[in-house]
Structures are given as C-alpha cells and as structure tokens.
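# Coordinates in review
The lines below spell out each chain.
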Amino acid sequence: MSALVLAATLLACNGNGAKTDEATTEATTDTTAATAATETPAVQTVNAKFVEFTLGDAEHYSFEDKAGKTYDFGGCEDKSVEFGVQVPEGEANETNQGWGSNKALQGKWFDLKYIVRKQPLYQDGPEGDVQVITEAKMVQ
C-alpha cells in the first residue's frame, strides 16, 4: 500500500512539474511580448517644407524635403505648432470634417523629429506603421 502511495505521489509531482514549466514558458512569452510592445521607437529627423494638413479618414500632415521626397505623417504630438486649423462653419463639410491647413505655415520649413509606430491607419481601420511627428521647429 505504501508503495502505491509513493508511486501516486511521484506521478503527481511529475505532473505538476510539467504544468509549472508550461506556466513559466507562458509567463516568459507574455513578458517578452509586453517588453517588445513598450520599446521606444527610434527617433528620425528630416528638414521639410509644410505642404498641407487634411483630415479625412485620418490626420494627414504633408511635407516635402529639398530633394522632393514627400512625407505623409499620420499624427503630430507637438502641440506648439498648429498645422491644422478649424475652418469657418460655412466651409465645414463631411470631407474636411471642419478642419483645414494653417495657410500661414504652408511653404514654411521645419526641422521635424518623428517616429514610426503601429496605430490604426484610419478610424476603426487596421493597424499599420504610421509616421508621427514628435517635435516640429520652424526654421527661420
């Protein structure tokens, strides 16, 4: 009888050990995924001219560098510069949703810092890589 109890105890311990290993593996995987999700994206820079701001399916901040390369940023975290402004009530429509370009800034050059991060490509849309301005300084 005691041999039966000993065998049952050993089997129970071995069974729990496998579950513990699975739980440890799952915890490690969850921690790795959380760490990857919280990593800070690399900051990139560009000197570019402000072309226009539009608000349609998402925010679009359009810029062009000296070589003619265009940039379409999907957000701007720097609130010190207002690239987008509300349009007069009579000009608001479904397409512009009441927002337009700040004409005083169009054609001006900016030193921009930006990151690329995963976020919805448009409202309720799928996620994708989006360039987002983190800092904008007008160049005199």
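As the structure is a prediction and not an experimental result, all values here were calculated from the model.

Looking now at the confidence of the model for the protein. When pLDDT drops low, the exact placement of atoms in the prediction is not to be read closely. Summary statistics for the protein give a mean pLDDT of 80 and a share of 73% for residues scoring 70 or more. Within the model, the stretch residues 2-20 combines pLDDT values under 50 with zero contacts to residues more than four positions away or in other chains.

As a further point, take the pattern of salt bridges. Opposite charge on two side chains makes pairing possible when the charged atoms of those side chains draw close. Inspection of every chain in the model, using the stated rule, returns three salt bridges. In this structure, Arg 117 engages Glu 77 in a salt bridge whose closest nitrogen and oxygen atoms are separated by 2.5 Å. Here the residue Arg 117 occupies a position in strand β6 (residues 109-120), and Glu 77 occupies one in the loop between β3 (70-73) and β4 (84-86), the gap between them amounting to 40 residues. Arg 117 sits in the partly exposed class, given a relative accessible area of 29%.

Turning to the sheet that holds strand β7 (residues 127-138), a few remarks are in order. Judged by pairing direction, the sheet is antiparallel, and its five strands sit side by side in the order β3-β2-β1-β6-β7 without closing on themselves. The open sheet is flanked by β3 and β7, the only strands paired with a single partner. When the angles between neighbouring strand axes are averaged without regard to direction, this sheet yields 40°. With seven bridges connecting them, strand β1 (residues 44-55) and strand β2 (residues 59-65) associate as antiparallel partners. Within the sheet, the bridge partner assigned to Phe 50 lies in β2 and is Phe 63.

All right, on to the packing of aromatic side chains then. In total, this model carries 11 aromatic pairs according to the counting rule given. Their ring planes at 50° and their centres at 5.4 Å tell us that Phe 50 and Phe 63 sit as a pair that is tilted. In this pair, Phe 50 is assigned in strand β1 and Phe 63 in strand β2, connecting sequence segments 13 residues apart. Each of the two residues, Phe 50 as well as Phe 63, counts as buried. Seen from their ring centres, Phe 63 and Phe 83 are 5.3 Å apart, and the 85° between their planes marks the pair as edge-to-face. Residue Phe 63 is found in strand β2, and its partner Phe 83 is found in the loop between β3 and β4; the two are separated by 20 residues along the sequence.

Conventions and cut-offs
Residues numbered from 1 in each chain as written. Predicted model: local features only at pLDDT ≥ 70, side-chain atom pairs only at ≥ 80, totals over all residues. Heavy atoms only, no water. pLDDT = per-residue confidence, 0-100. Contact = heavy atoms within 4.5 Å. Salt bridge = Lys/Arg side-chain N within 4 Å of Asp/Glu carboxyl O. Helix = DSSP H or I, 4+ residues; strand = E, 2+ residues; numbered from the N terminus. Buried < 20%, exposed > 50% of the residue type's maximum accessible area, 1.4 Å probe, protein only. Pairing = 2+ DSSP bridges. Axes fitted to C-alpha atoms, helices over the stretch in contact; angles between N-to-C directions. Phe/Tyr/Trp six-rings, centres within 6.5 Å; stacked < 30°, edge-to-face > 60°.

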